[in-house]
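Residue-level structure breakdown
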Amino acid sequence: MLIKKRSHTDIPSSEITPEHIYLSRRAFMTGAAAVAGAAALAACAPKTDLSGASSVAQLQEATAEPGTTPVASPTPVVIPGQTDELGDPLTSFEDVTNYNNFYEFTTSKEAVAAKAQDFPIAPWHVAVTGLVRNPGSYAIESLRTKYDQEERIYRLRCVEGWSMVIPWLGFPLAALLAEAEPTADAQYVRFETIHDPANMPGQNSPFFRWPYVEGLRLDEAMNDLTLMATGLYGKELLPQNGAPLRLVVPWKYGFKSIKSIVKIELVSEMPESLWMAAASNEYGFYANVNPEVDHPRWSQASERRIGDGGRRPTLLFNGYEEQVAALYAGMDLAANF
Ligand SMILES: Nc1nc2c(c(=O)[nH]1)N[C@H]1C(S)=C(S)[C@@H](COP(=O)(O)O)O[C@H]1N2
Ligand SMILES: [Mo]
């Protein structure tokens, strides 16, 4: 089976990304599968023009022959005309992979890619631990094969006031948590980035409490939008984007989407993130995108879309209100920022 659909889902992905595609690992591992995949893509994405031979050729070129490791190539799988569900075009692969926040390497967004390029990402294991009936340590390869790698086109809104539209590949965190079986005491999920100061020069900075930590309430973590990303633009993640495994929580400011994760722990108390520890008056636990709740030092009412001129209004929950507003019913969003 070359193209897989999830068998169970609360929110049909069609509501999130009308031009979504589902790719199994195999579909972008072999050239033959990629061609079949391109045909299937055309079938399920009527608004996307795949009639041009160039896109199929690009897909073929990007996937190469079996037996090599084509997914590690930085050549993106570009599908002309692809947009998010609001009709916004994708941010270019060039921008997505060259304008990054990853303080473990450098605070300069333009310099992350070069500084991270030799970061060792194999072998890689992720521990799922804490208040679970079924703890485990997973090799990244096993996560890629165990769960369908589906494409999700999400907006990413950085707390600094810029944004992108990124075609991620990955699987819902809910699938991994279901396998771990959280106990009744588990209320939050705590995520930890690898601690590797020899290869991550930024981790020698005393200004932050390393390793990078983030957290979600369990119901936020179980929401269908919450993704464990293993790739983007049809390819495996590059180090600068948080290879080989990072979180993507599209209705929250980008800093919640923690990169290069080695530990996922179910806990009973609200975890303190790196940013809460650094400046709790500026960065709260929830960090939901909200144009009406300003950062103490700047407005959050608008944002600059990378690759675009001008600014656009920021949307409540980054435009995902329909899917996530119920998580915060009755909550004071200004107090719980
Ligand atoms: N471990 C770690 N994760 C991180 C960061 C970081 O510095 N370290 N930066 C965050 C911020 S502020 C943003 S906006 C996004 C950026 O993701 P991108 O570079 O893939 O676009 O990653 C987030 N995850
Ligand atoms: Mo950010």
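Residues numbered from 1 in each chain as written. Chains lettered and ligands numbered in written order. Predicted model: local features only at pLDDT ≥ 70, side-chain atom pairs only at ≥ 80, totals over all residues. Heavy atoms only, no water.

**Quick word on the environment of alanine 184**
For clarity, the cut-off: Numbering of helices and strands runs from the N terminus, with a helix taken as a DSSP run of H or I at least four residues long and a strand as a DSSP run of E at least two residues long. Between buried and exposed lies partly exposed: a residue is buried under 20% and exposed over 50% of the maximum accessible area for its type, with that area taken using a 1.4 Å probe on protein chains only.
By the secondary structure assignment, alanine 184 is in the loop between α7 (173–180) and β6 (188–193). Given the relative accessible area of 68%, alanine 184 is considered exposed. Considering only alpha carbons, one finds alanine 184 and serine 268, 84 residues apart in sequence, at a separation of 9.3 Å.

**Observations concerning the packing of aromatic side chains**
Basically, it comes down to this: Note on ring pairs: Phe, Tyr and Trp rings are taken, using the six-membered ring of Trp, and paired if centres are within 6.5 Å. Classes follow the plane angle, with under 30 degrees stacked, over 60 edge-to-face and the rest tilted. For a lysine, the NZ atom is tested; for an arginine, the CZ atom; a charge sits over a ring if that atom is within 6 Å of the ring centre and within 35 degrees of the ring normal.
Enumeration according to the criterion identifies 18 aromatic pairs in this entry. Plain terms: the ring middles of tyrosine 99 and tryptophan 162 are 5.1 Å apart, the flat faces sit at 80 degrees to each other, and that makes the pair edge-to-face. Linking tyrosine 99 in the loop between α4 (93–96) and α5 (112–116) with tryptophan 162 in strand β5 (residues 162–172), this pair joins segments that are 63 residues apart in sequence. For tyrosine 99, a relative accessible area of 16% corresponds to the buried category. Note on tryptophan 162: relative accessible area 5%, which makes it buried. Arranged with centres 5.4 Å apart and planes meeting at 20 degrees, the rings of phenylalanine 317 and tyrosine 328 form a pair that is stacked. Separated by 11 residues along the polypeptide, phenylalanine 317 in the loop between β13 (312–313) and α10 (321–324) and tyrosine 328 in the segment after α10 bring together distant segments of the chain. Here the basic side chain of lysine 256 rests over the ring of phenylalanine 285, its NZ or CZ set 4.4 Å away from the ring centre.

**A closer look at the sheet that holds β6**
Pairing between the strands of a sheet is mediated by backbone hydrogen bonds and can be parallel or antiparallel. We count it as follows: Think of it this way: DSSP has to see at least two bridges between two strands before they count as a pair. Lines fitted to C-alpha atoms define the axes here, with helix axes fitted over just the stretch in contact, and angles between the N-to-C directions of these axes take values from 0 to 180 degrees.
With respect to topology, 5 strands assemble into an open sheet ordered β3-β2-β11-β6-β7, the strand pairing being mixed. Only two strands of the sheet have a single neighbouring strand rather than two, namely β3 (136–139) and β7 (213–217). The average undirected angle you get between the axes of adjacent strands in this sheet is 15 degrees. Of the strand pairs in this sheet, strand β2 (residues 125–130) and β3 are connected by 4 bridges, and their pairing is antiparallel.

**A look at the layout of surface pockets**
So the rule is basically this: Of the two site types, the cavity is a set of points on a 1 Å grid over the protein atoms alone where a 1.4 Å probe fits but cannot get out, and the pocket is an open set with protein on both sides within 12 Å along at least five of seven lines, each lined by residues with an atom within 4 Å of a point. Grid points are joined across faces, edges and corners, and a volume is the space filled by probe spheres set on the points. Residues are grouped as follows: Ala, Val, Leu, Ile, Met, Phe, Trp, Tyr, Cys and Pro are nonpolar; Asp, Glu, Lys and Arg are charged; every other residue, Gly included, is polar.
By volume, the largest pocket is sized at about 430 Å³. Around the largest pocket, the lining is made up of 26 residues, and of these Asn101, Phe102, Gly254, Phe255 and Lys259 lie nearest the centre. A per-element tally of the lining of the largest pocket places β5 first, with 4 residues. Grouping the constituent residues of the lining of the largest pocket by class yields 16 nonpolar, 6 polar and 4 charged.

**Notes on the site of ligand 1**
Note the following rule: To be near a molecule or strand, a residue needs just one of its heavy atoms within 4 Å of it. Two N or O atoms form a polar contact when they lie within 3.5 Å of each other; inside protein one atom must be a possible hydrogen donor and the other a possible acceptor, and for residues adjacent in sequence the pair counts only when both atoms belong to side chains. Surface accessibility follows the Shrake-Rupley procedure with a 1.4 Å probe radius. Residue values consider only the protein chains on display as shielding. In this description, a molecule resides in a pocket or cavity if more than half of its atoms sit within 2 Å of the grid points defining it.
Around ligand 1, a shell composed of 16 residues is seen, among which Asn100, Tyr103, Glu104, Ser257 and Lys259 lie nearest. In the model, an oxygen atom of ligand 1 is placed 2.7 Å from a nitrogen or oxygen of the tyrosine 103 main chain. Look at ligand 1: alone it shows 540 Å² of surface, and the protein chains cover 98% of it. Judged by the fraction of its atoms near the pocket grid, ligand 1 is located in the largest pocket. Tallied by class, residues from the shell around ligand 1 come to 7 nonpolar, 6 polar and 3 charged.

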